[in-house]
Amino acid sequence: QVQLVESGGGLVQPGGSLRLSCVASGSIFSINVMGWYRQGPGKQRELVAIIPSGATAYADAVKGRFIISRENAKNTVYLQMNSLKPEDTAVYYCNVQGITGLRTSFSSWGQGTQVAVSS
């Protein structure tokens, strides 16, 4: 079983920055894909950014403002969020996909961290 713990959310003014972190632990053999999703009030969960090994992809709404990165030795993925806008307000979830120590595939979700952008 693989667990994810997220941190770094909070309240920030428009134009501000936040950095989210997500640490994966448990029976992990390898991690293939790490990503961040968000669910705003009254909206469906949507992809924000994803980082398979050696590549990144972003939703159009966050391109040029958000940066996703990963630290493989620590099984950690980060989301640096700059120039935040009120429409970025949402619960942010990390997702990690890979192979367990038993050589089975997994896809785990974090518990979510609230990001609120408001003056």
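Anything mentioned here points back to the structure above.
All of the points below concern the structure found in this document. (Residues numbered from 1 in each chain as written. Predicted model: local features only at pLDDT ≥ 70, side-chain atom pairs only at ≥ 80, totals over all residues. Heavy atoms only, no water.)

### Notes on the nonpolar core
Note the cut-off: Among buried residues, the Ala, Val, Leu, Ile, Met, Phe, Trp, Tyr and Cys ones that are joined through side-chain atoms within 4.5 Å form a nonpolar core. Exposure categories follow from relative accessible area, calculated using a 1.4 Å probe and restricted to protein chains: below 20% of the type maximum is buried, above 50% is exposed, and the middle band is partly exposed. The helix and strand labels rest on DSSP assignments: H or I over at least four residues marks a helix, E over at least two residues marks a strand, and numbering proceeds from the N terminus.
In terms of nonpolar packing, the biggest core is built from 27 residues, with Trp36, Val48, Phe66, Val77, Leu79, Met81 and Tyr92 touching the most fellow members. When contributions to this core are tallied by element, the ones reaching two or more residues are strand S1 (2-7), strand S3 (18-26), strand S4 (28-39), strand S5 (46-52), strand S7 (66-71), strand S8 (76-81), strand S9 (90-100) and strand S11 (113-117).

### Describing the state of the cysteines
As a reminder of what qualifies: Here, two cysteine sulfur atoms that lie within 2.5 Å of each other are counted as a disulfide.
What the rule picks out here adds up to one disulfide. Across the disulfide from Cys22 sits Cys94; the S-S distance is 2.0 Å. Given an S-S torsion of about 45°, the disulfide between Cys22 and Cys94 has right-handed geometry. Note that Cys22 is positioned in strand S3 and Cys94 in strand S9, a separation of 72 residues in sequence. By relative accessible area, which is 0% here, Cys22 ends up buried. Residue Cys94 is classed as buried on the basis of its relative accessible area, which comes to 0%.

### Looking at unusual backbone geometry
One non-glycine residue with positive phi stands out, namely Asn75, at about 50°. Residue placement: Asn75 occurs in the loop between S7 and S8. In this structure, Arg103 is a non-glycine residue whose phi angle is positive, near 70°.

### Details of the side chain of Arg70
To be explicit about the condition: We score Asp and Glu as negative and Lys and Arg as positive, and we do not count His or the chain ends. Salt bridge, as used here: a side-chain nitrogen of Lys or Arg that lies within 4 Å of a carboxyl oxygen of Asp or Glu. What qualifies as a polar contact is a pair of N or O atoms within 3.5 Å, subject to a donor-acceptor requirement within protein and to the restriction that residues adjacent in sequence count only when both atoms come from side chains. Any two residues having at least one pair of non-hydrogen atoms within 4.5 Å are treated as being in contact.
For Arg70, the location among the structural elements is in strand S7. Put simply, Arg70 is tucked away with no salt bridge, and the nearest opposite charge, on Glu71, sits 10 Å away. Within polar-contact distance, the side chain of Arg70 engages the backbone oxygen of Ile51 at 3.0 Å. Reaching out from Arg70, the side chain makes a polar contact with the side chain of Asn72 at a distance of 2.7 Å. If sequence neighbours within four positions are ignored, Arg70 has contacts with Ile31, Asn32, Val33, Met34, Ile51, Pro52, Ser53, Thr76 and Val77.

### Thoughts on the sheet that holds S3
Inclusion rule: When DSSP finds two or more bridges between two strands, those strands count as paired. Geometry is summarised by axes, namely lines fitted to C-alpha atoms with helices restricted to the contacting stretch, and by angles between N-to-C directions that run from 0 to 180 degrees.
Within the open sheet, the four strands sit side by side as S1-S3-S8-S7. Their pairing is antiparallel. The two strands at the open ends of the sheet, each matched to only one other strand, are S1 and S7. With strand direction ignored, the average angle separating the axes of adjacent strands in the sheet is 15°. Relative to S8, S7 is paired through six bridges, and the arrangement is antiparallel. The partner of Ile67 across the bridge, within S8, is Gln80.

### Here's the deal with the pattern of salt bridges
By the definition in use, this model includes five salt bridges. In this structure, the salt-bridge partner of Arg38 is Asp88, at a minimum N-O distance of 2.9 Å. In this pair, Arg38 sits in strand S4 while Asp88 sits in the loop between S8 and S9, placing the two residues 50 residues apart along the sequence. Asp88 carries the same exposure label as Arg38, and that label is buried. Salt-bridge contacts for Lys74 lead to Glu71; the nearest nitrogen and oxygen are separated by 3.7 Å. The exposure class assigned to Glu71 is partly exposed, which follows from its relative accessible area of 29%. Ionic contacts of the salt-bridge type, sharing partners, join the residues Arg38, Glu46, Arg65 and Asp88 into one network.

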